[in-house]
Amino acid sequence: MFNQFGATAETLSKASTLVFRIGTDAHLYDDPDDVSIAPLLDSRFDSEKCEALKRLLALIAQGFEVSSFFPQVVKNVASQSLEVKKLVYLYLLHYAQKRPNEALLSINYFQKDLGDPNPLVRAWALRTMAGIRLHVIAPLVLVAAGKCARDPSVYVRKCAANALPKLHDLRLEDNTVGIEEIIGILLNDSSPCVVGAAAAAFSSVCPNNLSLIGRNYKRLCEVLPDVEEWGKIVLIGILLRYVVARHGLVKESIMFSLHGTENSRSEKDCSDTNSALDDNGDSNGLYESELTNAVSRCYIEGPAEYLSRLSFMNKDSSEFNYARFTSGKNNDDVKILLQCTSPLLWSNNSAVVLAAAGVHWIMAPTEDLKRIIKPLLFVLRSSNASKYVVLCNIQVFAKAIPSLFSRYFEDFFICSSDSYQIKALKLDILAYIATDSSISFILKEFQDYIRDPDRRFAADTVAGIGICAQRLPEMANACLEFLLALTRQQLMTGEFGSVDTEADILIQAIMSIKSIIQLDPPSHEKVIIQLVRSLTSIKVPAARAMVVWMVGEYNSLGDLIPRMLATVLKYLAGCFASEEVETKLQICNTAVKVLLGAKGNDLLTIKMVLIYVLELAKCDLNYDVRDRAHFLKKLLSTYLDSQCLEEETNRPGQHKDSSRLLAENLFGKQNKSISHEPIDHRFYLPGSLSQIVLHAAPGYEPLPKPCSLRCDDPEMDENGDPYVTDDEDSASESLDEEIASSYSSQHSNVDSSGTDGSEEAGSASEDDDNSHQLIQFSDERKNGASQSASDFGELLSNRALESWLDDQPGFSKPNTSEHSQVRTSSARISIGDIGGQVRPKSYPLLDPVNGNGLRVDYSFSSEISSISPLFICIEVSFKNCSKETMSDITLVDEESGKGKDSVEQSSFSDESSTIPQSNEPNLVSVEEITSLDPGQTMTRSIQVRFHHHLLPLKLAIYCNGKRHPIKLRPDIGYFVKALPMDVEVFTNKESQLRGMFECVRRCTFTDHIKELDKDKGDNSLVEDKFLVICRSLALKMLSNANLHLVSVDLPVAAKLDDATGLCLRFSSKILSTSAPCLITITVEGRCSEPLEMSVKVNCEETVFGLNLLNRIVNFSVEPSHPHV
Amino acid sequence: MLQCIFLLSDSGEVMLEKQLTGQRVDRSICTWFWEHTVSQGDSPKLQSVIASPTHYLFQVLREGITFLACTQVEMPPLMGIEFLCRVADVLTDYLGSLNEDLIKDNFVIVYELLDEMIDNGFPLTTEPNILREMIAPPNIANKMLSVVTGNSSNVSDILPGATSSCIPWRTTNLKYANNEVYVDLVEEMDAIINRDGVLVKCEIYGEVQVNSHLSGVPDLTLSFANPAVLDDVRFHPCVRFRPWEAHQILSFVPPDGQFKLMSYRVRKLKSSPIYVKPQLTSDAGTCRVSVLVGIRNDPGKTIDSITVQFQLPSCVLSADLNSNYGTVNILANKTCSWTIGKIPKDKAPAMSGTLLLETGLERLHVFPTFQVGFRIMGVALSGLKIDKLDLKNLPKPPYKGFRALTRAGEFEVRS
């Protein structure tokens, strides 16, 4: 009965987790799709929307594809709840690139949010807008980023900086200049946080535009300690590059000192620092200096280039000229950089420490280098995760200048918790930094390591001992002794637990012994003998092969070895058959070497042994061994034959024929003393990813060429930086100027012939009057410049937040001045009978092949629907291409009857630019064509309501009782209707729709060329080229969209063939909302060539405007249909 | 710049993915990573930068959760690693601790945090104080409220004031009824004692941890009686460099709550508080082990939580170990741990026993390393002493508390 109290600990803990999980989103993650998500998304309640979005997020987290909900999610972007907004943004960013068309629908809301008084909302809107990465909206984002770069909130400005790399990723060439200018503004920001983000943008957008840094260099250095940690990392790198490019390397730094010592090696120890570097003996010093040389060259040239150059050129090319060096003591820029980076060595962030250390490594005078040592070593202890990376960098530093770290050898002692990679790195560093004073401690440590359970590591340790012995010849004997002891011990244990890893240790030990012997063979004769005597117990083939090699290599060394050679060879020949391949090969080689060096009585024995061995080898299973045997036999044939043997013994020294010479060259004692292998290490800049992975990662750039940056503007170099300001107000003023200039480069439709005077207009007019059109002249010289200047002044005076946010129509931007100055003078013409030539383009709706001979075409008509402004009139022509008569042809909309929960419908219900949701049919029913004779064509006018200006409408044609599904594609050009207005009204309206409501694209126009060519054919009537262009342009536009031609402005240029400045204006209004939509086309180029055309759309509905613009550009580029 | 962040559970399951840039990273990279990890064997010790066939991977492992970030372009690798560490820290802070269930249960918060912490692959806001204001940590009150009202929002609708202030780490407008500040010296002793029983390396890694609950914008100055013992230092961003350079004084405006003000290192200490003497003698296929533990230098306070741990070499077939004090456990992965606790007054703790080696192996040729753990409350073994803590800009004098603690870090005894 007390059962319910008998809760075990387990159930209690279960219960507690249950309690703990209540109220979290656990159930959403576990079963994200246990409820239908779609209705929740359409719910009126934020909490339900939230839940749906969280479920979607859970699905994303688990790797499911849920982009099908996109349209429904997008419309929630309008939610007022910040949490819903945030979740929608998370979803949007994940899928926007997959669903670009639907993503466009959210742009309006972002634009609205950009004006929100809450900085968080503004920032999020900008981040998301830039994050959805659509080419179409890039201009909008650029404008928004430019605006946010002036935002009063630091956070928003920071987000603006982060938006720029996103824009840059889209690779739109037009935007680069604009982006770089905004970066310039942000680099100059008063808040260090923004500067950090701007530095990040700089390094990913325009890392080589170092002049941008030059302007602010001193200020950036000073602000560096206050920049947030992530920005610091990037900014340090940028500043370093700038200094190298501007001033070159520092004479006192390691980048120079070792060139110095190398070039003036005779006058050794020119400074005490160098003697400190060379304290490890001459040969090592030489090697290390070479290494440092390689390091510094690699930093500047990149390893690939450096190594390739090294291969065909002697390494000490004099191209490293001294003019590229500066003195760190006198150069203020270098000094300030070092000064400002040195406290960063105390940073909590290991990446900052490493970046600061990197600057010092490259720039600091050698005697100051020691200050980076302790911080680097400290990073090792304080951050476990970064240990590996820091060690990789220390390894390079330590190899180049071992003395730097030699005092701190204890820090590299290995802990059992280190991973193998870290152990190996530490070992390598230890071997390099060992000095006479520390070697005894280090060797003691190494002896401990060899007993480590990790045998791979133990083998590495043995190799490390070899390196130590080579570096410190005084210690060679101690090392050797230890190694021999180890070998003996290894041979003992090897008898029992012969594991592969143990074999590795033995091989390493013998290899290390070999390398020590190479240092000074004569004094190690006894060692060789000892090894040879232990051949019987050395079972590992690789180790055996090495010992055999030593026998051959040192066959004439000392007194004892030559005497035992015959015995050894006999032994080897005896066990030849049971050897592994590598040992067999070595035995062959050794026998030959011994033979060539042999004298006296042994000669005969050795010869016999060799013949025996070669005979055995010839029958070997391995073809390498067989080949070697044949080759050797051929080579030595003269000596192996018995009669030659006599000859040879009789007249030694004679008959040294070519094969003998060859053999001696091959196997003779070219006992090359340890020529340290050419340095082919690859070095990358400290702290870089490439240095860790040891290949150039994409995007890796070596330091800029020293002194490659010329300082053109001395005024900027001095501290007369025009942008340095203290209070935020004046700083923003300068920002405004920058903004203005960024606009000028963005709308690059600047007229090149803008300076032409008005008197030329008259002469131009005389050329024009042979045309029959009515021509009006109007001097268009505006006083816009002065007016906009006053606007500008006003802008500066009230820079309060309110006015800034109030970016409504009517807020004239300073860039109006630039626009009004473009056209100094032009003539306005009107084209007469253009209306008659307009032929709307027709599109196939049903192919005769698919439609059983029925061909249906449609074209948009410029008529306005009588039913509702939402309907668009379309002319549909039915043609019977078959031989039989057709009957009962109808066009039906099949979807209007269905429920409205279909995806397309609901997604657009929120989109203001399209039709509000209603139950009206999409198609006003068309009267049925009862019969259609063969060859007959019938035309019907239908009225259609599209849901969205981008999505096709699904219809069906019934003919002879058969159903043919068709898709009626909307043409955005007919979602507007002509809005007659005159030029004044047009310019007025245009000035209200600037900034975000304006979008520009460029394209080429070629239609007129055909026209001009046609005219050339019949010389009778030579038309004016300008008029031809105007007419073809106007025709093109009017045939593809329902527009009103407002005006045609002809340039009054000096050159007759130059069409630059030709400007056509069209006006229209959007059918659904009656919002005006203005189109301006400006032309550049020569009449007879393809024209550069820039199309500008001003429209309140930005998305609509953009789509219309794209449509215009598309149809302008494609060649026109032939005129009938 | 980072392209994507994945959170992997300890079984290799992808719990979360967050794409950061336009180049989406496919999940298959996680499969590759996991297979690579498994093939390497010692997964927890895997290197932190890996070059996979398609991406460069940075990984940080915390409490079984793998934080994996991918990039395809050059970037400072430490930036990626440090950032992942920061994410792990923030998540631990938000969720109380870190495990698979906690992440899954709070995935929305994790997403929101990640979105706030990184933008376009570049860290955006990583300061815990600001994040706390932007995204509310889950707490009981919130959860109950959400259960009752069905309405929960952990997204703040105002931008934290600190984002615009010049001390971005501190929350603005703080008010406490009781102003208090606690300063803890937490030290870890690293030592290596080699085979001969010689103390090869002995040093202290210490942290000054501050827990501040102070109103307004206080200005604190902390000075040490003997700053000269400090060998290396690293500071929280709030510490001003100049006063330290000039007088070795820590002058700072603290963040709110618990934070690490500074970390330091004191090298070349002469002795350790306790000794551990292992002895292994092997003969004829068995190995006798005996380990003695005792106090070498009495620090004046009790040493507790003493443990000795070692990994049995793979050639050991079975082990039979006993101790005269404390408990000995041999875990499945051949880790042997001896928990001692406090050292008793009357006897010296000793562990002894035999190891049976695999057949054919006469004697042990590899030797385990013993990891020692201990804790001493109330003492900073480095000898560092806090002189005084001055507070300015405060309406009334706060309560100040000081503590010290030393524990073993990487304290190793080789045998």
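Look a little higher up for the structure.
Here is what the cut-offs are and how they apply
Positions within a chain are numbered from 1, following the residues in the order the chain's sequence is written. Think of it this way: whatever chain is written first is A, whatever ligand is written first is 1, and the rest follow in order. Local features are withheld for residues below a pLDDT of 70 in this predicted model, meaning they are given only at 70 or higher, and side-chain atom pairs are given and counted only at 80 or more; totals for whole chains, interfaces and linings count all residues. The basis for the side-chain values is all heavy atoms of the structure; hydrogens and waters are excluded. Numbered from the N terminus, helices here are DSSP runs of H or I no shorter than four residues, and strands are runs of E no shorter than two. Any pair of residues with heavy atoms lying within 4.5 Å of one another is described as a contacting pair. The Shrake-Rupley method, run with a 1.4 Å probe, gives the accessible areas here. Residue values count only the displayed protein chains as cover. The pairing test for Phe, Tyr and Trp rings, Trp by its six-membered ring, is centres within 6.5 Å, and the orientation test on the planes gives stacked under 30 degrees, edge-to-face over 60, and tilted for anything in between. Only protein chains enter the calculation, and the probe is 1.4 Å; a residue is then buried if its accessible area is under 20% of its type maximum, exposed if over 50%, and partly exposed in between. Reported buried area values correspond to the accessible surface (1.4 Å probe) lost by two parts on association, with both partners' losses combined. For this document, the term salt bridge refers to a Lys or Arg side-chain nitrogen within 4 Å of an Asp or Glu carboxyl oxygen. Whenever two N or O atoms come within 3.5 Å, that pair is a polar contact, provided that in protein one can donate a hydrogen and the other can accept it, and provided that, for residues adjacent in sequence, both atoms are side-chain atoms. Three categories are distinguished: nonpolar for Ala, Val, Leu, Ile, Met, Phe, Trp, Tyr, Cys and Pro, charged for Asp, Glu, Lys and Arg, and polar for the others, with Gly belonging to the last. By the convention used here, strands pair only if DSSP detects at least 2 bridges between them. Only C-alpha atoms enter the line fits that serve as axes; for helices the fit covers just the stretch in contact. Angles between N-to-C directions range over 0 to 180 degrees. Grid points spaced at 1 Å and placed over the protein atoms alone form the basis of the search, with a cavity being a set where a 1.4 Å probe fits but cannot get out and a pocket an open set showing protein on both sides within 12 Å along at least five of seven lines. Lining residues have an atom within 4 Å of a point. Grid points are joined across faces, edges and corners, and a volume is the space filled by probe spheres set on the points. By convention the crossing between two helices is left-handed if the near helix lies anticlockwise of the far one by an angle smaller than a right angle, and right-handed if it lies clockwise.

Enquirer: What am I meant to see in the overall build of chain B here?
Expert: Scanning chain B from terminus to terminus reveals 7 helices and 23 strands. Across chain B, contacts joining residues at least 24 apart in sequence account for 69% of those joining residues at least 6 apart. Per element, the accessible surface of chain B, about 16700 Å² overall, is 50% carbon and sulfur.

Enquirer: Would you mind showing me how to read the packing of aromatic side chains here?
Expert: Aromatic ring pairs are reported here in terms of the distance separating the ring centres and the angle at which the planes meet. Scanning the entire structure with this criterion turns up 23 aromatic pairs over all chains. The interplanar angle of 55 degrees and the centroid separation of 5.8 Å between the aromatic rings of A:Phe409 and A:Phe413 together place this pair among those described as tilted. When its relative accessible area of 11% is taken as the criterion, A:Phe409 is described as buried. Taking 4.4 Å as the distance between ring centres and 40 degrees as the angle between the ring planes, the aromatic pair formed by B:Phe310 and B:Phe370 counts as tilted.

Enquirer: I tried to follow the interface of chain B and chain A on my own but got confused; where do I start?
Expert: Accessible area lost when the parts come together is the quantity often used to give the size of an interface. In this assembly, 105 residues from chain B lie in contact with 107 residues from chain A. Buried area between chain B and chain A, summed over both chains or domains, comes out near 9600 Å², and the portion from carbon and sulfur atoms is 56%. The largest share of the area that chain B buries against chain A comes from B:Glu74, B:Leu78 and B:Arg234, three residues that together contribute 8% of it. When the shortest N-O distance is used, the salt bridge between B:Asp196 and A:Lys444 registers 2.9 Å. Between the two partners, chain B and chain A, sit 34 residue pairs in polar contact (both at pLDDT 80 or more). With 8 residues, helix α2 (residues 77-95) of chain B is the single largest residue contributor to the side of chain B that touches chain A. Split by residue class, the side of chain B that touches chain A holds 42 nonpolar, 29 polar and 34 charged.

Enquirer: Which parts of the structure should I look at to understand the sheet that holds strand β9 (residues 929-932) of chain A?
Expert: Working definition: the strands of a sheet are paired by backbone hydrogen bonds and lie parallel or antiparallel to each other. Residue and element names in this part refer to chain A. Spatially, β9-β8-β11-β12 is the arrangement adopted by the 4 strands of the open sheet, whose pairing is antiparallel. Both edges of this open sheet fall to β9 and β12 (962-968), since each of them pairs with a single strand only. Within the sheet, the average angular offset between the axes of one strand and its neighbour, ignoring direction, is 30 degrees.

Enquirer: Explanation requested: the sheet that holds strand β10 (residues 219-224) of chain B in the structure shown.
Expert: Residues and elements named next belong to chain B. Strands sit in the order β12-β10-β22 across an open sheet of 3 strands; the sheet is antiparallel. Two strands bound the open sheet, and with one partner strand each, they are β12 (249-252) and β22 (386-392). Strand-to-strand twist of the sheet, defined as the mean angle between neighbouring strand axes without regard to direction, takes the value 10 degrees. In this structure, β10 lies alongside β12, joined through 4 bridges in antiparallel fashion. For Leu-220, the partnering residue across the bridge sits in β12 and is Phe-252.

Enquirer: Can you walk me through the pattern of salt bridges in this structure?
Expert: Where charged atoms from two side chains of opposite charge approach closely, those side chains can pair. For the coordinates displayed, the defined rule picks out 48 salt bridges over all chains. With a shortest N-O distance of 3.2 Å, B:Arg414 and A:Asp448 are connected by a salt bridge. One end of the pair, B:Arg414, is in strand β23 (residues 399-414); the other, A:Asp448, is in helix α26 (residues 439-450), on a second chain. Comparing B:Arg414 with A:Asp448, the two get one shared label, buried.

Enquirer: Help me out: how do you make sense of the pairing of strand β16 (residues 303-311) of chain B in this one?
Expert: Side-chain direction in a regular strand flips from residue to residue, so the side chains alternate between the two faces of the sheet. All names here are of chain B. Inspection of the sheet shows β16 paired to strand β21 (residues 369-377) by 6 bridges, in the antiparallel sense. The residue bridging Val-308 from the neighbouring strand is Val-372, located in β21. Here 6 bridges tie β16 to strand β19 (residues 335-341), and the two strands are oriented antiparallel to one another. When the bridges of β19 are listed, Val-308 appears paired with Trp-338.

Enquirer: In this structure, what is going on with empty space enclosed by the protein? I would like to understand it.
Expert: Where empty space is left can be seen by rolling a probe of water-molecule size over the atoms. Considered as a void within the structure, the largest cavity measures approximately 210 Å³ in volume. Forming the boundary of the largest cavity are 20 residues, of which A:Leu93, A:Gly131, B:Gln19, B:Leu20 and B:Thr21 lie nearest the centre. Counting only elements with at least two residues in the lining of the largest cavity, the list comes to α6 (82-95) and α9 (119-131) of chain A together with β2 (14-19) and β6 (118-119) of chain B. For the lining of the largest cavity, the class distribution of residues is 5 nonpolar, 7 polar and 8 charged. Taken together, A:Leu377, A:Leu380, A:Arg381, A:Lys387, A:Asp411, A:Cys415, A:Lys426, B:Asp190, B:Lys201, B:Glu203, B:Arg265 and B:Glu410 make up the lining of the second largest cavity. Every element with two or more residues in the lining of the second largest cavity is listed here: α22 (373-382) of chain A together with β9 (199-213) of chain B. Class assignment of the residues belonging to the lining of the second largest cavity gives a composition of 3 nonpolar, no polar and 9 charged.

Enquirer: Would you take a moment to explain the packing of helix α8 (residues 107-114) of chain A against α9(A) for this structure?
Expert: Any two packed helices are characterised by the angle at which their axes cross and by the distance between the axes. Residues and elements named next belong to chain A. Their axes nearest at 8 Å, the elements α8 and α9 cross at an angle of 145 degrees. The chirality of how α8 crosses α9 is left-handed. Only Val-121, Arg-122, Ala-125, Leu-126, Thr-128 and Met-129 of α9 make contact with α8, whose side of the interface consists of Phe-110, Gln-111, Asp-113 and Leu-114. Counted by class, the contact of α8 with α9 contains 6 nonpolar, 2 polar and 2 charged residues.

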